[in-house]
Amino acid sequence: ATANASVFETPTYPTNCLYFLQDHMQVRIPPSPNRKSQLLDIVIVGAGLGGLATAIALAQSGHRVKVYEQASVLGEVGAGIQIPSNSMRLLAELGLEPYLKDHATEPKAIYFRRWQNGKTIGMTKLIPEFRQTYNAPYYVIHRADFHSALHKRALDVGVEIKLGSRAVSYNADTSTITFENGSVVTADLIVAADGVKSLARKVVLGGHDKVPQKTGFAAYRSTVKVERMQQDPELDSLLTEPALNIWVGDGRHVMTYKIGAGKTFNLVLSHPDNSDPREWDQSKALDEMRAEFRGWDTKLTKVINLIDKTIKWPLLSGSKLDQWVSERLVLLGDAAHAMVPYMSQGAAMAVEDGVALAHSLSKVHDSRDISKALSIYQSVRTIRSSQMQEASLLNGQLWHFPDGPLQEARDLAMYPETVSRPF
Ligand code: FAD
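Residues numbered from 1 in each chain as written. Predicted model: local features only at pLDDT ≥ 70, side-chain atom pairs only at ≥ 80, totals over all residues.

Chemist: An account of the overall build of the protein is needed here, citing residue identities and associated values.
Modeler: Check the secondary structure of the protein and you find 15 helices and 18 strands. Residue burial in the protein is summarised as follows: out of 423 residues, 47% are buried. (Helix = DSSP H or I, 4+ residues; strand = E, 2+ residues; numbered from the N terminus. Buried ≥ 20, exposed ≤ 12 C-beta atoms within 10 Å, placed from the backbone.)

Structure follows, in structure tokens:
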């Protein structure tokens, strides 16, 4: 409640609700490799976006890094992902720009649209504002391309990646992991980037896990081939410029942007759903999705009707964890701070975590300093990521007002920004 109140009281708070927290971005790339600092053997569990970004940051600082991943083939589920400027600035410093440039798109602006008719109710200009303000572009990209860029970069900076390796237990005191095949690995430091269902989280929390909870919302994730949309002239305006569009309405919103070198239209459709994901029948998801958005802007529903298949995804949020570190075992990414995607910052926070960890460790001169470095990492990152968890939930509230006085006040507050900065 306190954080929510402070969001509303921040004088520079942009009326379109987004990205105010980027101003508080404090993460810096460590001086690397720092010969005076102690170089460690570090094992990371999980080769998701967070684990791989962290591996690169640590390897660039000179540490010897191995990543263990349970999957036998690397990949990413879902289609599009946004790489906001706070994340992209760090990724560029980690050397990712050349690996991303042929795959990422830089949208010009984010348009907020009325659910019923697509009328623009607010706009955040990304080009050139975000490069100028945050020293990095705001990208959107196919998840597979993002993941593959991180994978290639990790290999190029000397990270070892072991697939088909599922961690089944951790001992934080001895800094060891046991894998499903019986092998045991010891390291100076274990980083658990093992996602929302983290096994390590319970160990770090002393046996009392705090599992991220349902939020009452779910998202359909879908794509449509742009060439199919091009056959309908009415859909042209959604395709002619690279933009992010968000239709907002009662309890629901739809976020769209183009990925895959402009060939694929990506949609994330958030809606109320508090049912148990274990009971979901994905074969019904397409029909359910169409029903959820019946009566919305005709352009949008035309695109929704072009979707051939979709997957329904639960939107979970974790609570603030007081502890991310136990001895030589640390949490990172969704394992530590699952959040709803309404700030597009989940993976971005994981990238920041990785760089912050590398920075903290760059101050370690002998092994006695490690626990101090980890406690700095924990205190900096718990504050930042829990603010983002709350801001993400808050964005949902602001976007999901039913038509009425709150919605009208919100739209009025957004409108002047649109007209004073014509696109
Ligand atoms: P994960 O991606 O879950 O990776 C964990 C890895 O650990 C996996 O590879 C898993 O196989 C492995 N693993 C797990 N357990 C074990 C084990 N025991 N042994 C070995 N390996 C193990 N974020 C953004 O920044 N921008 C966005 O636009 C955005 N959009 C989103 C849209 C939706 C609909 C959703 C649901 C999320 C979105 N996010 C976004 C959030 C983002 O996807 C996540 O925050 C991010 O992928 C988390 O990365 P991670 O590496 O922490 O975890």
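Chemist: Describe the environment of Ile83, and please don't skip the residues or the numbers.
Modeler: Inspection of the secondary structure puts Ile83 in strand β3 (residues 80–83). A sequence separation of 264 residues divides Ile83 from Ala347, and the C-alpha atoms of the two residues are 8.1 Å apart. When near neighbours in sequence (up to four residues on either side) are disregarded, Ile83 contacts Met88, Leu91, Ala104, Tyr139, Ile141 and Phe146. (Contact = placed C-beta atoms within 7 Å.)

Chemist: Please give an account of the sheet that holds strand β14 (residues 252–259) that cites residues and values.
Modeler: Read across the open sheet, the 7 strands follow the order β5-β4-β13-β14-β15-β12-β16; overall the sheet is mixed. The open sheet terminates on both sides in strands that have one partner only, identified here as β5 (120–125) and β16 (311–317). The average angle at which neighbouring strand axes cross in this sheet is 20 degrees, direction not considered. The pairing of strand β4 (residues 109–114) with strand β13 (residues 244–249) spans 5 bridges and is parallel. Paired with Arg113 across the two strands is Trp247, which belongs to β13. (Pairing = 2+ DSSP bridges. Axes fitted to C-alpha atoms, helices over the stretch in contact; angles between N-to-C directions.)

Chemist: Help me get a handle on the site of the ligand, residues and values and all.
Modeler: Around the ligand sit 33 residues, and of these Gly46, Gly48, Gly195, Gly333 and Gly346 come closest. The set of elements that each furnish at least two residues to the shell around the ligand consists of α2 (49–60), β3, β12 (213–225) and α13 (346–361). Class assignment of the residues belonging to the shell around the ligand gives a composition of 17 nonpolar, 11 polar and 5 charged. (Near = placed C-beta within 6 Å. Nonpolar A, V, L, I, M, F, W, Y, C, P; charged D, E, K, R; others polar.)

Chemist: Which residues make up the UniProt feature "domain: FAD-binding" (unreviewed entry) in the protein, and what values do they have?
Modeler: The UniProt record annotates "domain: FAD-binding" (unreviewed entry) at residues 41–390. In the segment residues 41–390, helix accounts for 33% and strand for 28%; the C-alpha atoms at its two ends are 35 Å apart. (UniProt positions renumbered as here; feature names shortened; annotations may be inferred.)

Chemist: Can you lay out the sheet that holds strand β2 (residues 64–68) for me, pointing to particular residues and giving the numbers?
Modeler: Strand order in the open sheet formed by 6 strands is β7-β2-β1-β11-β18-β17, with mixed pairing between adjacent strands. Single-partner strands in this sheet number two, and they are β7 (160–162) and β17 (325–326). Where β17 lies against strand β18 (residues 329–331), 2 bridges are found, and the strand directions are antiparallel. Of the residues in β18, the one forming a bridge with Ser326 is Leu329.

Chemist: An account of the pairing of β2 is requested, with residue identities and associated values reported.
Modeler: As defined by bridge partners, strand β1 (residues 41–45) adjoins β2 across 5 bridges and the pair is classed as parallel. Paired with Ile42 across the two strands is Val65, which belongs to β2. Assessed by its sense of winding, the connection that carries the chain from β1 through α2 to β2 is right-handed. Of the strand pairs in this sheet, β2 and β7 are connected by 3 bridges, and their pairing is parallel. In the strand pairing of β7, Val67 is matched with Ile161. (Right-handed = clockwise from strand over helix to strand, strands pointing away.)

Chemist: Can you explain the packing of helix α3 (residues 85–93) against α13? Please cite residues and give values.
Modeler: Contact geometry of α3 with α13 gives a least axis separation of 9 Å together with a crossing angle of 40 degrees. In terms of orientation, α3 and α13 fall into the oblique class. Here α3 runs over α13; the crossing is left-handed. The residues of α13 that touch α3, namely those facing Asn86, Ser87, Leu90 and Leu91, are Ala348, Val351, Glu352 and Val355. Considering only residue class, the contact of α3 with α13 consists of 5 nonpolar, 2 polar and 1 charged. (Parallel < 35°, antiparallel > 145°, perpendicular 65-115°, else oblique. Left-handed = near helix turned anticlockwise from the far one by under 90°.)

Chemist: Explain the nonpolar core to me, and be specific about the residues and the numbers.
Modeler: With 116 residues, the main nonpolar core has Val45, Ala55, Ile56, Ala192, Val330 and Leu332 as its most contacted residues. Here this core gets 10 residues from one element, more than from any other, and that element is α13. (Core = buried A, V, L, I, M, F, W, Y, C linked by C-beta atoms within 7 Å.)

Chemist: Can you break down the packing of α2 against helix α6 (residues 143–156) residue by residue, with the values?
Modeler: A pair of packed helices is characterised by two quantities: the angle between their axes and the separation of those axes. Taken N-terminus to C-terminus, the directions of α2 and α6 make an angle of 30 degrees; their axes are 9 Å apart at the nearest point. Compared by their axis directions, α2 and α6 come out roughly parallel. The two elements α2 and α6 meet at a crossing, and its hand is left-handed. The residues of α6 that touch α2, namely those facing Leu49, Leu52, Ala53, Ala55 and Ile56, are Phe146, His147, Leu150, His151, Arg153 and Ala154. Looking at the contact of α2 with α6, its residues break down into 8 nonpolar, 2 polar and 1 charged.

Chemist: With reference to specific residues and values, describe α2.
Modeler: A rise of 1.5 Å per residue sets the reference length of α2, with its 12 residues, at 16 Å; its end C-alpha atoms lie 17 Å apart and thus fit the reference within 8%. Among the 12 residues in α2, 12 count as buried, and that is most of the element. Where α2 is concerned, the buried positions are Leu49, Gly50, Gly51, Leu52, Ala53, Thr54, Ala55, Ile56, Ala57, Leu58, Ala59 and Gln60. Against the buried residues of α2 lie β1, β2, α6, β11 (189–192), α12 (334–337) and α13. Just downstream of α2 lies Gly62, where phi reads positive at about 105 degrees. (Expected span 1.5 Å × (residues − 1).)

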